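In case you want the letters, here they are:
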Amino acid sequence: GESVGLHLPTLSVQEGDNSIINCAYSNSASDYFIWYKQESGKGPQFIIDIRSNMDKRQGQRVTVLLNKTVKHLSLQIAATQPGDSAVYFCADGGTSYGKLTFGQGTILTVHP
Amino acid sequence: SAVISQKPSRDICQRGTSLTIQCQVDSQVTMMFWYRQQPGQSLTLIATANQGSEATYESGFVIDKFPISRPNLTFSTLTVSNMSPEDSSIYLCSVKGTDTQYFGPGTRLTVL
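Residues numbered from 1 in each chain as written. Chains lettered and ligands numbered in written order. Predicted model: local features only at pLDDT ≥ 70, side-chain atom pairs only at ≥ 80, totals over all residues. Heavy atoms only, no water.

**Looking at the overall build of chain A**
Scanning chain A from N- to C-terminus turns up zero helices and 11 strands. Traced from its N-terminal end to its C-terminal end, chain A shows the element sequence β-β-β-β-β-β-β-β-β-β-β. On C-alpha atoms alone, chain A measures out to a radius of gyration of 13 Å, which is about the 13 Å that the 2.2 N^0.38 rule sets for 112 residues. In terms of its C-alpha atoms, chain A occupies a principal-axis envelope of roughly 40 × 25 × 20 Å. Considering chain A as a whole, with its 112 residues, one finds that 44% of them fall into the buried category. Within chain A, contacts between residues separated by at least 24 positions form 54% of all contacts whose residues are at least 6 apart in sequence. Of the roughly 5400 Å² that chain A leaves accessible, carbon and sulfur atoms contribute 46%. One way to put it: in chain A the 9 positive side-chain charges average out to a point 4 Å from where the 9 negative ones average out. (Helix = DSSP H or I, 4+ residues; strand = E, 2+ residues; numbered from the N terminus. Rg over C-alpha atoms; globule rule 2.2 N^0.38 Å. Buried < 20%, exposed > 50% of the residue type's maximum accessible area, 1.4 Å probe, protein only. Contact = heavy atoms within 4.5 Å. Areas by Shrake-Rupley, 256 points an atom, 1.4 Å probe, with all protein chains shown as cover. Lys, Arg positive; Asp, Glu negative; His and termini not counted. Charge placed at Lys NZ, Arg CZ, Asp CG, Glu CD.)

Here's what the structure looks like:
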């Protein structure tokens, strides 16, 4: 079946460093991907998305890279701040928009 | 973006009982979904809540256990029936907005 997985379950960084969170997906037909941030006790919060016709998209301090050849995407957070500490999930939107397949999640801890 | 609220935010229930979770959106949306997040894990889609017709369930989830209603384009309910401790999870409502997919704050359910 389809699956989405993360290479690193935990990531600890110092404040001001850049963070990179990786994700692999299995459905080569997928055309939409989303990164979410989930803080303790809250629902997933949208960070950034990307469609398969792009290989890079930038937001405020965040960049998502998509490599369709190896079915891999990554989330880069620039100048990481303590407020960025959370669990980050990648989600594969497949081709049926709305039915998301989530990765395991990466716990990002930012030390002051 | 869509603003989603859920009630209750959390509950502690006895095994064998049922709990109905409500999801309210601040605008009309075509697609609503229910996800489950078991402790320390990622999100899994339970079903798509269809307005005016029966919900569409994912593999491993059945209507008798998780009946869903969707009376209009802004509201849905999920009932967790005949609960057991294994049903202790966060239950999340999600909607497809005009640009991407959003999540509610979740309902944290503990079954004793």
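**Details of the packing of aromatic side chains**
Taken as a whole and assessed by the stated rule, the structure comprises 10 aromatic pairs over all chains. The interplanar angle of 80 degrees and the centroid separation of 6.0 Å between the aromatic rings of A:Phe89 and A:Phe102 together place this pair among those described as edge-to-face. In this pair, A:Phe89 is assigned in strand E9 (residues 86-92) and A:Phe102 in strand E10 (residues 101-102), connecting sequence segments 13 residues apart. Given the relative accessible area of 1%, A:Phe89 is considered buried. What makes A:Phe102 buried here is its relative accessible area of 7%. Aromatic rings pair up to connect A:Tyr36, A:Phe89, A:Phe102, B:Tyr35 and B:Phe103 into one cluster. (Phe/Tyr/Trp six-rings, centres within 6.5 Å; stacked < 30°, edge-to-face > 60°.)

**Observations regarding the pairing of strand E7 (residues 68-72) of chain B**
Looking down a regular strand, the side chains alternate between one sheet face and the other. Residues and elements named next belong to chain B. Pairing analysis gives three bridges linking E7 to strand E8 (residues 75-80), with the strands arranged antiparallel. Directly across from asparagine 72, in E8, lies its bridge partner phenylalanine 75. Turn length for the E7-E8 hairpin, with the two strands adjacent in sequence and antiparallel, is two residues. (Pairing = 2+ DSSP bridges.)

**What to know about unusual backbone geometry**
Between B:Lys7 and the following residue, B:Pro8, the backbone shows a cis peptide bond with an omega angle of -10 degrees. Mapped onto the secondary structure, B:Pro8 falls in the loop between strand E1 (4-7) and strand E2 (10-13). The phi dihedral of A:Arg61 falls on the positive side, at around 65 degrees, and the residue is not glycine. Relative to the elements of secondary structure, A:Arg61 occurs in the loop between strand E6 (56-58) and strand E7 (62-67). Overall, the relative accessible area of 30% leaves A:Arg61 in the partly exposed class. In the Ramachandran plot, B:Asn82 falls in the positive-phi region, its phi being about 45 degrees despite a non-glycine side chain. Topologically, B:Asn82 is positioned in the loop between E8 and strand E9 (89-96).

By themselves, these figures tell us nothing about what the structure is for.
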